[in-house]
Amino acid sequence: QVQLVESGGGSVQVGGSLKLSCLVSGYISTTCGMGWYRQRPGKERELVSSISSDGTTRYRDSVKGRFTVSQDNNKNTLYLQMNTLKTDDTAVYYCAAASGGTYCAGPEEERQQMWIIYGMEYWGKGTPVTITS
């Protein structure tokens, strides 16, 4: 059984910081990357950041320079450090993992496009983050 459990969400004032964690349990075959998604109120889900199995990290433009994704050496825990938070960062944040031929096939650029458009295979339940102005 595969489980992804997020923690660290809460309420913080604009300009503050927050660190999210994602604990991974169970066996996931052909894992090639993990990521953080978010769904802001009234908007569609979007990929915030991803980290590939080789350590390559990527961020959407709106969080570059403010957010940092990282992973423990044993890859059992995924983190998202969020600094200089804005009201637009208010959302439910989801941890996700890519696995199998659908989400891990092809070169890195094609996998990134798949993750952006279609998401990933395994998902956590989400943790809410509220930024107060």
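The structure this text deals with has already been given above.
Here is a short report on the structure shown in this document. Since the model is a prediction, treat every value here as computed from it, not as a measurement.

## Notes on the nonpolar core
Okay, so step 1: By size, the foremost hydrophobic cluster in this structure holds 24 residues, and its most contacted members are Met 34, Met 82 and Tyr 93.
Okay, so step 2: Put simply, the parts of the chain that give this core at least two residues each are β3 (18-25), β4 (31-39), β5 (46-52), β7 (67-71), β8 (77-82), β9 (91-99) and β11 (127-132).
Okay, so step 3: Excluding anything up to four places from it in sequence, Tyr 93 contacts Glu 6, Leu 20, Tyr 37, Arg 38, Val 48, Phe 67, Leu 80, Met 82, Gly 126, Thr 127 and Val 129.

## Observations concerning the environment of Leu 20
Okay, so step 1: Relative to the assigned elements, Leu 20 resides in strand β3.
Okay, so step 2: The contacts of Leu 20, once residues within four sequence positions are left out, are Ser 7, Gly 8, Gly 9, Trp 36, Leu 78, Tyr 79, Leu 80, Met 82, Tyr 93, Thr 127 and Val 129.

## Quick notes on the pattern of salt bridges
Okay, so step 1: A complete count under the given rule lists eight salt bridges for this structure.
Okay, so step 2: For Arg 66, the salt bridge is made with Asp 89, and the minimal N-O distance between the two is 2.8 Å. Of this pair, Arg 66 sits in the loop between β6 (57-59) and β7 while Asp 89 sits in the loop between β8 and β9, and the two are 23 residues apart along the sequence.
Okay, so step 3: Residue class for Asp 89 comes out buried when judged on its relative accessible area of 2%.
Okay, so step 4: A single salt-bridge network, built from bridges that share partners, covers Arg 38, Arg 40, Glu 46, Arg 60, Arg 66 and Asp 89.

## Let's talk about a nonpolar patch on the surface
Okay, so step 1: Taken together, the side chains of Ile 116, Ile 117 and Tyr 118 make up a nonpolar region of the molecular surface, amounting to roughly 360 Å² of accessible area.
Okay, so step 2: Along the polypeptide, Ile 117 turns up in helix α2 (residues 108-118).

## Some words on the state of the cysteines
Okay, so step 1: A complete count under the given rule lists two disulfides for this structure.
Okay, so step 2: Each sulfur of the disulfide joining Cys 22 and Cys 95 lies 2.1 Å from the other. The chirality of the disulfide connecting Cys 22 with Cys 95 is left-handed, given an S-S dihedral of about -80°. Of the two residues, Cys 22 is situated in strand β3 and Cys 95 in strand β9; the sequence distance between them amounts to 73 residues. Each member of the pair Cys 22 and Cys 95 is classed as buried.
Okay, so step 3: In this model, Cys 32 is linked to Cys 104 through a disulfide, with the two sulfur atoms separated by 2.1 Å. An S-S torsion of about -85° defines the bridge between Cys 32 and Cys 104 as left-handed. Taken together, the positions of Cys 32 in strand β4 and Cys 104 in helix α1 (residues 100-104) put the pair 72 residues apart, joining distant regions of the chain. Comparing Cys 32 with Cys 104 shows no difference in burial state: the two are buried.

## Brief notes about the packing of aromatic side chains
Okay, so step 1: Under the criterion given, the structure shown has one aromatic pair.
Okay, so step 2: Ring geometry for Tyr 37 and Trp 123: centres 4.7 Å apart, planes at 50°, overall tilted. Of the two residues, Tyr 37 is situated in strand β4 and Trp 123 in strand β10 (residues 122-123); the sequence distance between them amounts to 86 residues.
Okay, so step 3: Owing to a relative accessible area of 0%, Tyr 37 belongs among the buried residues under this scheme.
Okay, so step 4: The ring of Tyr 79 carries the charged tip of Lys 19 above its face, separated from the ring centre by 4.7 Å.

Rules of the game
Residues numbered from 1 in each chain as written. Predicted model: local features only at pLDDT ≥ 70, side-chain atom pairs only at ≥ 80, totals over all residues. Heavy atoms only, no water. Core = buried A, V, L, I, M, F, W, Y, C linked by side-chain atoms within 4.5 Å. Buried < 20%, exposed > 50% of the residue type's maximum accessible area, 1.4 Å probe, protein only. Helix = DSSP H or I, 4+ residues; strand = E, 2+ residues; numbered from the N terminus. Contact = heavy atoms within 4.5 Å. Salt bridge = Lys/Arg side-chain N within 4 Å of Asp/Glu carboxyl O. Patch = residues over 30% accessible without salt bridge, like charges linked within 9 Å, V, L, I, M, F, W, Y side chains within 5 Å. Areas by Shrake-Rupley, 256 points an atom, 1.4 Å probe, with all protein chains shown as cover. Disulfide = S-S within 2.5 Å. Phe/Tyr/Trp six-rings, centres within 6.5 Å; stacked < 30°, edge-to-face > 60°. Lys NZ or Arg CZ within 6 Å of the ring centre and 35° of its normal.

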